[in-house]
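Summary of the model geometry
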Amino acid sequence: MSPQPLSEQVVKHRESNDVRALPVLPVRDTVLFPHAVLPLTVGRESSVQLINSLGEDKTIVVVAQREARVDNPQASDLYTVGTSAVVHKVVKMPNQSLFVFAEGLERVRLGEFTQLTPFMRARVNPIPEAAPQQSSEIEALQRNVLTLFQQIVAGSPTLSDELSTVAMNIDEPGRLVDFIASSLPSLSTPDKQDVLETLDIRARLQKINQHLAKELEVQQLRNKIQSEVQDRVQQTQREYYLREQMKAIQKELGEQDEGQRDVEDLRKKIEEAGMPDEVKKEALKELGRLARMSPMAADYSLTRNYVEWLAVLPWSKTSGVEIEIPKAKEILDADHYDLEKVKDRILDYLSVRRLKPSMKGPILCFVGPPGVGKTSLGKSIARALGRKFVRLSLGGVHDEAEIRGHRRTYIGALPGQIIQGIRRAETKDPVFMLDEIDKVGRDFRGDPASALLEALDPEQNSTFRDNYLDVTFDLSKVLFITTANMLDPVAEPLRDRMEIIELQGYSEEEKLHIANRYLIPRQTEENGIAADQIEFPEQAIRYIIRHYTREAGVRSLERTIGTICRKQARRIAEGKTEKLVVTQDVIQEFLGGIKIRTEGEIEERTKRPGVAVGLAWTPSGGDILFVEANAMKGKGGFTMTGQIGQVMQESMQAALTWVRSNAAELGIDEGFFADHDIHMHVPAGAIPKDGPSAGVTMATTLVSLLSGHHVRPLTAMTGEITLSGNVLPVGGIKEKVLAAKRAGVTTVILPAENKMNVDEDLTKEQIEGLDIHYVKTIEEALAVSLPAVAQSVKTKEFLTEPSQESPKEKDKKETPPVHPVHEPAAAHDRVVRAEA
């Protein structure tokens, strides 16, 4: 049948609609618009039967499904508005499906379904196309829609340019909207159905206008993204081609590119580094991998960094400077006052090294209070040896990898601080200072102190293996120096590997020399003051040392001198240019009232019985320690206070036991202990105290309390006691003696076995003005500290001669019990009467 004009088809279709129902063809994801030709693939059995049942009348109704997933749609699954269409051509496909070309005629609304099987048939009501009223708004919308559509077609690679031409030839606005909606592939099925169901031409134009505007924006953004990606790809390809061309040109010219030049430079460094054969083999192996890598490879920079670390380490480079021993001694003396033990050890090391150049470097550990010059001494040693100085602070280090490095597999991995320090020094034999080794931390990341065991062992550090390098490095030529304020926190295996050198605190005379030679010149220079603008007399410096600083080192002294220099700098800036002579009045004006009272403090506090002065060692040097005792009516209790540790409590108990067991010889009423309580207290209760060295002081305090005689003025003592009355040696003698001298003590009582420490550690200037007594028993100590007791008791019964009583009589006497800590002993009422 030859195709009829469209108007005749529509008329015929409308006439037929009045006579009978039309077959309904459900379609998925497709909306057929009037005047549009749409190819449809028909595969469902019911739809195939529908097409095959068509006779001469090829008219059907094409309706979209609401849900495309429904395979056997019912009447409720279809939209109510569809399009009547004429089937022009049917093509059978090999898979038994049909390919149908249908042309849309007009909008129709589905009415009653007259048949549901084998295919659906329904009565339809045509929806006539309303002719719009011509207005400027309709015309403007039509033009805008046409323009947007043309822009979309022009910018889309999938839409044919013929669509723009067809759209330009459509005058009717409704038909234009239907054409555009059917031509846009990006318009969703619900949106197309919405346009199909919109009968008002103006509303239909507005809806399609919104869709076109959105589509144009998305298309422009997509084109922009695609353009940027394409530009990047083209740039990468362009660089690749240029790089390949450059390689070819360099090859023709006999030149090398940058990557090859880097490889050759590294190869040259490896050859010149003097590596051991094993290390050189590993370095060349990694260099070969690097040469085969592309610079764009992910591992290129990692491998290059590793090879560079191997190449730049000083495998065979030494300082190569031989320093004469007299010159080294001159350098050490110029930088530091005193410290003879340390200087002698360094000069001994230099002497042995001259006789045996291949000797291993010692592992020294400087232990001393803050401010005595441990760190600066390391710099001075490096200068005296003519070597580079490297310092690593271990304070707060928690990670073992800080010492031994990370594995290369980690991102940002680096060698440990020891290898990094060797690289900075650029020699294999620097002076390497590990500062604050007693403050190394420990947590889940490992124990750095354990990692130091290998580095600080002369028998092992010649094959030190860093985790990053994974090859051995010889540290045996490095002079390791560690510093610590106290050795208690340092692990025993680590302490065993080091040679301990103790640096004691400074005496007043030493501080005076240090201030004149080092501190005052340095502070005047740092504060911009000329030497002729300020003068520190000797008396002024002594006044500052005694009344404004109490320390083993000189840091606080230097800060105080710096404060005075800054005050003078301010006076000069204000126009007062006259020379400042520092006097006591000037010091008090600049620094305020005196901070530490030493004169008269000991005399004032020891005027009453039951107070004695002991000597204590602290991490910051030595200090004096007051021990007080008092008695009151009670039931034989013994109280100990002052935040004292277990060892010190046991010393108090031992002192009380000895006094009670010797009460008769000391002239003390033995019945006093039963009805009196004794309280011993160590002032400065906020400071923890422990140790056995105050035993002599406690016994003296108890004897003074119970005898009613005060201790000899300006007397201090130290020593551990036993229940039999012996005085045992203690440590920290130099610090304690210097603390006594700083406090104005004139008489010092020490254990006899500590005489050797005094002779070795203290100079004549340091003990000048001190009357030192060495005792073996408590009786000898009491003869010095409590001469009144010695005079009041017969000599034959006390001190020198043994008791005249027979052994039997002694056995008959009641032996005073040794009370434990939880059952204290008692005291004597004669002291109460004396104090009253």
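Residues numbered from 1 in each chain as written. Predicted model: local features only at pLDDT ≥ 70, side-chain atom pairs only at ≥ 80, totals over all residues. Heavy atoms only, no water.

Position of Glu-67 among the secondary structure elements: in the loop between strand E3 (59-64) and strand E4 (81-92). Sequence separation between Glu-67 and Asp-29 is 38 residues, and the spatial gap between their C-alpha atoms is 8.5 Å. (Helix = DSSP H or I, 4+ residues; strand = E, 2+ residues; numbered from the N terminus.)

All chains considered together, the criterion is met by 33 salt bridges. For Glu-538, the salt bridge is made with Arg-542, and the minimal N-O distance between the two is 3.0 Å. Placement of the pair is Glu-538 and Arg-542 together in helix H19 (residues 538-548), with a separation of four residues, close to one helical turn. Since its relative accessible area comes to 42%, Glu-538 is described here as partly exposed. Judged by relative accessible area, which is 11%, Arg-542 ranks as buried. Arg-571 is paired through a salt bridge with Glu-578; the nearest N and O atoms lie 3.1 Å apart. According to the relative accessible area criterion, Arg-571 is buried, its value standing at 18%. On the accessibility criterion, Glu-578 (42% relative accessible area) is partly exposed. Within this structure, Arg-107, Asp-178 and Arg-204 form a network of salt bridges that share partners. (Salt bridge = Lys/Arg side-chain N within 4 Å of Asp/Glu carboxyl O. Buried < 20%, exposed > 50% of the residue type's maximum accessible area, 1.4 Å probe, protein only.)

Turning next to the sheet that holds strand E13 (residues 499-502). With parallel pairing, five strands are arranged side by side in an open sheet as E8-E9-E12-E7-E13. Of all the strands in the sheet, just strand E8 (389-393) and E13 have a single pairing partner and so form its edges. Taking each pair of neighbouring strands and ignoring which way they run, the sheet shows an average axis angle of 20 degrees. Sheet contacts for helix H13 (residues 374-385): strand E7 (363-367), E8, strand E9 (431-435) and strand E12 (479-484); angle to E9, the most-contacted strand, approximately 175 degrees. (Pairing = 2+ DSSP bridges. Axes fitted to C-alpha atoms, helices over the stretch in contact; angles between N-to-C directions. Contact = heavy atoms within 4.5 Å.)

This part covers the packing of aromatic side chains. Inspection of every chain in the model, using the stated rule, returns eight aromatic pairs. Aromatic pair Phe-149 and Phe-179: ring centres 6.4 Å apart, planes at 75 degrees, arrangement edge-to-face. Here Phe-149, found in helix H3 (residues 136-155), pairs with Phe-179, found in helix H5 (residues 173-183); they are 30 residues apart in sequence, far enough to count as distant. Pair check on accessibility: Phe-149 and Phe-179 agree, each one buried. Relative to Tyr-468, the ring of Tyr-306 lies with its centre 5.9 Å away and its plane at 65 degrees, an arrangement referred to as edge-to-face. Of this pair, Tyr-306 sits in helix H10 (residues 300-312) while Tyr-468 sits in the loop between strand E10 (464-465) and strand E11 (472-473); the two residues are 162 residues apart in sequence, bridging distant segments of the chain. (Phe/Tyr/Trp six-rings, centres within 6.5 Å; stacked < 30°, edge-to-face > 60°.)

Below, the discussion takes up the side chain of Asn-485. Within the secondary structure, Asn-485 sits in the loop between E12 and helix H17 (492-496). Within polar-contact distance, the side chain of Asn-485 engages the backbone oxygen of Gly-368 at 3.2 Å. (Polar contact = N/O pair within 3.5 Å; in protein donor to acceptor, adjacent residues only side chain to side chain.)

A word on the nonpolar core. Residues Ile-60, Phe-149, Ile-180, Ile-208 and Leu-212 are the most contacted members of the largest nonpolar core, which totals 60 residues. Counting 53 residues, the second-largest nonpolar core is a separate cluster that includes Ala-413, Phe-432, Leu-434 and Leu-494. (Core = buried A, V, L, I, M, F, W, Y, C linked by side-chain atoms within 4.5 Å.)

This paragraph deals with the environment of Gly-378. Along the chain, Gly-378 turns up in helix H13. Spatially, the C-alpha atoms of Gly-378 and Phe-432 are 8.3 Å apart, while their sequence positions differ by 54 residues.

Judged by side-chain polarity, Leu-221, Ile-225, Val-229 and Val-233 come together as a nonpolar surface patch covering roughly 330 Å² of accessible area. Following the sequence through the fold, Val-229 ends up in helix H7 (residues 201-253). (Patch = residues over 30% accessible without salt bridge, like charges linked within 9 Å, V, L, I, M, F, W, Y side chains within 5 Å. Areas by Shrake-Rupley, 256 points an atom, 1.4 Å probe, with all protein chains shown as cover.)

The next point concerns the pairing of E7. Within E7, five of the five residues are buried, which leaves it mostly tucked inside the rest of the structure. Residues Ile-363, Cys-365 and Val-367 line one face of E7 and the alternating positions Leu-364 and Phe-366 line the opposite face, and both faces are buried. Where E7 lies against E12, five bridges are found, and the strand directions are parallel. Opposite Phe-366, over in E12, you have Thr-483 as the bridge partner.

Before going further, it helps to examine the packing of helix H18 (residues 508-526) against H19. One can describe the packing of H18 onto H19 by two numbers: an axis separation of 10 Å at closest approach and a directional angle of 115 degrees. If you check the angle between H18 and H19, you find them roughly perpendicular. Judged by the sense of rotation from one axis to the other, the crossing of H18 with H19 is right-handed. Listed contacts from H19 to Glu-508, Glu-509, Lys-511, Leu-512, Ala-515, Asn-516 and Ile-520 of H18 are Glu-538, Ile-541, Arg-542, Ile-545 and Arg-546. Looking at the contact of H18 with H19, its residues break down into five nonpolar, one polar and six charged. (Parallel < 35°, antiparallel > 145°, perpendicular 65-115°, else oblique. Left-handed = near helix turned anticlockwise from the far one by under 90°. Nonpolar A, V, L, I, M, F, W, Y, C, P; charged D, E, K, R; others polar.)

Quick look at the confidence of the model for the protein now. Here the protein averages 82 in pLDDT, and 90% of its residues register 70 or above. Counting interchain partners and residues more than four positions distant, the pLDDT-below-50 stretch residues 1-7 has seven contacts. Note on residues 794-836: pLDDT under 50 across the span, and 81 contacts to partners over four residues away in sequence or across chains. (pLDDT = per-residue confidence, 0-100.)

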